[in-house]
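Spelled out, the chains give:
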Amino acid sequence: MKNRYLGSFDGLRGMAVMLLMGYHGSYGFLQGGVPRVDLFSVMSGYLITMLLYREYQATGNIDFKKFYIRRALRLLPALFACVLLSYFLWPYSAETERGDRMLATMASLFYFSNLITDYLLGNMNHLWSLAVEEHFYFVWPFFTYFFLFRLSDKNRLMALGGVVIFLQLFRLAAFFNQDQWHHGIFLIDPYAFTLCRSDCIVLGAMLFFVLYRKQFNYGWPESEAIDKYILSALALIFIVSALALSWTGPFWLMGGFTITNMIVTGTVLMAVRNPNNPVMTSKLFTWVGKRSYGIYLYHMPIFLFMERYRIHHSYLNLAIVTLARFSVSIGVAALSYQYLELPLLRVKERFKVKVNRTVEAT
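The structure displayed is predicted, hence computed values, not measured ones. Positions within a chain are numbered from 1, following the residues in the order the chain's sequence is written. This being a predicted model, a pLDDT of at least 70 is required before a residue's local features are given, and a value of 80 or more before pairs of side-chain atoms are given or counted; all residues contribute to the totals for chains, interfaces and linings. For side-chain calculations, the full set of non-hydrogen atoms in the structure is used, while hydrogens and water are omitted.

## Observations concerning the overall build of the protein
Okay, step 1: The secondary structure content of the protein amounts to 13 helices and two strands.
Okay, step 2: Contact between two residues is taken to exist if any of their heavy atoms lie within 4.5 Å; hydrogens are not considered. A sequence separation of at least 24 residues applies to 78% of the contacts in the protein between residues at least 6 apart.
Okay, step 3: Per-residue and other accessible areas were derived by the Shrake-Rupley procedure at a 1.4 Å probe size, with only the shown protein chains allowed to occlude residues. Carbon and sulfur atoms form 66% of the exposed surface of the protein, whose accessible area is close to 16,900 Å². In this text, helices come from DSSP runs of H or I with a minimum length of four residues, and strands from runs of E with a minimum of two, each type numbered from the N-terminal end.

## Quick look at the packing of helix H6 (residues 153-176) against helix H8 (residues 199-213)
Okay, step 1: Packing of H6 against H8 brings their axes to within 10 Å, and their N-to-C directions diverge by 160°. Relative to H8, the element H6 is oriented roughly antiparallel. Crossing of H6 against H8: the hand is left-handed. Judged by residue contacts, Asp-153, Lys-154, Arg-156, Leu-157, Leu-160, Gly-161, Val-163, Val-164, Leu-167, Gln-168 and Arg-171 of H6 engage Asp-199, Val-202, Leu-203, Ala-205, Met-206, Phe-209, Val-210 and Arg-213 from H8.
Okay, step 2: Each residue gets one label: Ala, Val, Leu, Ile, Met, Phe, Trp, Tyr, Cys and Pro are nonpolar, Asp, Glu, Lys and Arg are charged, and the others, such as Gly, are polar. A per-class count over the contact of H6 with H8 returns 11 nonpolar, two polar and six charged. Between N-to-C directions, angles cover 0 to 180 degrees, with each direction set by a line fitted to C-alpha atoms, over the stretch in contact for helices. Roughly parallel means an angle under 35 degrees; roughly antiparallel means over 145; roughly perpendicular covers 65 to 115; every other angle is labelled oblique. Rotating anticlockwise by less than a right angle from the far helix to the near helix defines a left-handed crossing, while the corresponding clockwise rotation defines a right-handed one.

## Quick look at the nonpolar core
Okay, step 1: Grouping buried Ala, Val, Leu, Ile, Met, Phe, Trp, Tyr and Cys residues that are joined through side-chain atoms within 4.5 Å yields what is termed a nonpolar core. Three labels apply to residues, based on accessible area from a 1.4 Å probe with only protein chains included: buried if under 20% of the type maximum, exposed if over 50%, partly exposed otherwise in between. Counting residues in each nonpolar core, the largest one holds 84 residues, and the members touching the most others are Phe-9, Tyr-46, Trp-140 and Leu-297.
Okay, step 2: Excluding residues that lie within four positions of it along the chain, Leu-297 makes contacts with Ala-78, Leu-79, Cys-82, His-126, Leu-127 and Leu-130.

## Topic: a nonpolar patch on the surface
Okay, step 1: Each patch is assembled from residues with relative accessible area greater than 30% and no salt bridge, linking like charges that lie within 9 Å and nonpolar side chains (Val, Leu, Ile, Met, Phe, Trp, Tyr) that lie within 5 Å. By salt bridge we mean one thing: a side-chain nitrogen of Lys or Arg within 4 Å of a carboxyl oxygen of Asp or Glu. On the surface, Met-102, Met-106 and Phe-110 cluster together into a nonpolar patch covering about 310 Å² of accessible area.
Okay, step 2: Here Met-106 is to be found in helix H4 (residues 101-109).
Okay, step 3: By relative accessible area, Met-106 is classed as partly exposed at 30%.

## Describing unusual backbone geometry
What is expected of a backbone is that most residues other than glycine have negative phi and most peptide bonds are trans.
Okay, step 1: The backbone of Glu-95 sits at a positive phi, close to 65°, despite the residue not being glycine.
Okay, step 2: Here Glu-95 shows up in the loop between helix H3 (64-89) and H4.
Okay, step 3: A positive phi angle is found at Tyr-111, which is not glycine, with a value near 60°.
Okay, step 4: For Tyr-111, the location among the structural elements is in the loop between H4 and helix H5 (128-146).

## Some words on the confidence of the model for the protein
Okay, step 1: pLDDT is a residue-level measure of predictor confidence that goes from 0 to 100. Confidence along the protein averages 87 in pLDDT terms, with 86% of residues attaining 70 or more.
Okay, step 2: Below a pLDDT of 50 lies the segment residues 216-222, which in the model reaches 16 contacts outside its immediate sequence neighbourhood of four places, other chains included.

## As for the packing of aromatic side chains
Okay, step 1: Note on ring pairs: Phe, Tyr and Trp rings are taken, using the six-membered ring of Trp, and paired if centres are within 6.5 Å. Classes follow the plane angle, with under 30 degrees stacked, over 60 edge-to-face and the rest tilted. Evaluation of the coordinates by the stated rule reveals 31 aromatic pairs.
Okay, step 2: With 5.7 Å between their ring centres and 85° between their planes, Phe-64 and Tyr-145 make a pair best called edge-to-face. Within this pair, whereas Phe-64 is found in helix H3, its partner Tyr-145 is found in helix H5, the two being separated by 81 residues in sequence.
Okay, step 3: Its relative accessible area of 18% is what places Phe-64 among the buried residues.
Okay, step 4: Judged by its relative accessible area of 14%, Tyr-145 is buried.
Okay, step 5: Measuring from centroid to centroid gives 6.0 Å for Phe-303 and Phe-326, while their planes differ by 35°, and the two rings are tilted. Taken together, the residues Phe-303 in helix H12 (residues 292-306) and Phe-326 in helix H13 (residues 315-348) connect sequence positions 23 residues apart. Of the two residues, Phe-303 and Phe-326, neither departs from the other in class, the shared state being buried.

## A look at the side chain of Asn-123
Okay, step 1: If you trace the backbone, Asn-123 turns up in the loop between H4 and H5.
Okay, step 2: Pairing of N or O atoms within 3.5 Å defines a polar contact, subject to two protein rules: one partner must be a possible hydrogen donor and the other a possible acceptor, and residues neighboring in sequence count only if both atoms are side-chain atoms. Engagement of the side chain of Asn-123 in a polar contact is seen with the backbone oxygen of Ser-86, the distance being 2.9 Å.
Okay, step 3: What Asn-123 contacts, discounting residues up to four positions off in sequence, is Ser-86, Leu-89, Trp-90, Ser-93, Thr-96, Met-300, Pro-301 and Leu-304.

## Describing H6
Because an α-helix completes one turn every 3.6 residues, residues spaced three or four positions apart along the sequence face the same direction.
Okay, step 1: Helix span, as expected, comes to 1.5 Å for every residue beyond the first. Its 24 residues give H6 an end-to-end C-alpha distance of 35 Å, which sits within 8% of 34 Å, the value for a rise of 1.5 Å per residue.
Okay, step 2: Looking at H6, one finds that the buried residues are Arg-156, Leu-157, Ala-159, Leu-160, Gly-161, Val-164, Leu-167, Gln-168, Phe-170, Arg-171, Ala-174 and Phe-175.

## Topic: H8
Okay, step 1: Taking 1.5 Å of rise per residue, 15 residues should cover 21 Å, and H8 covers 21 Å from first to last C-alpha, within 8% of that figure.
Okay, step 2: Among the 15 residues that make up H8, 12 are buried, leaving the element largely enclosed by the rest of the structure.
Okay, step 3: For H8, every residue scored as buried is listed here: Asp-199, Cys-200, Ile-201, Val-202, Leu-203, Gly-204, Ala-205, Leu-207, Phe-208, Phe-209, Leu-211 and Tyr-212.

Structural data, given as structure tokens:
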């Protein structure tokens, strides 16, 4: 299976982070529906598994030290900047009255913000999803090297399918026992706990191996017309669910997440099949997608700080504040990408395992 740069993934990241900002800035108008976080998770599972498997095939080994250095160089600098910004904006921000600034800072830096009561996190509340992804990074390279990669193609898919089923059953159990699984500030939340949100990451890995096993041919030009209809249908589902369905409602947490899992996995599949899709690879979405990590990090402290300028029941003020929120968040992320992330991404290149490759994941 030939690996190549998937420009459509940058576009998907751009779309997802714009939906995320829209959700957080809509005052409940956008209910949630298909989770943007799950879209990131499937892509992350797909790309990280692909890179690990490619290294394993080329060298018979995985350099764990280099893997974690690359991850640290990619993720930590902007995270430190985000936490520093959040820390200083905390006293001037909405939704921090009941929070604990020092606890939120430690939880964000040491990746346990998805394990504690959300109101304590204040303007760092959104970093729970980064904690889930980091927990995946802690475990996945070892799981793949010592177990998954040593299986046959068929047994590998069966093992991943079993993991997905286990995680979804655990998620259901967490929903029905959330009152009992709550001890002080620590809880097993069916929305944010690691095992309750890792199924999409594993589905991304499973998608990679399904396509690899079938010697997947990117693009499949003979099916472009069908793919356009599928992409249109998925886009419509995204829009309707974002407007009408609450992600935190019992329908989703009681099992409706299996539907959202199928939707986001199908979306990523379409992105892989159409790496040059004109919408997903448009200059706007690609530009935003490359800066999506910073936008994800910085937008929440900026949004909650700017809440102080809201005048309730004024649509003009709402429009101005919303525009300012989006503009400042994207601007700060662009500066972070240019002057903080890009220089360290160049350092990251030194720690890449030298194998024949044409795909790069950030």
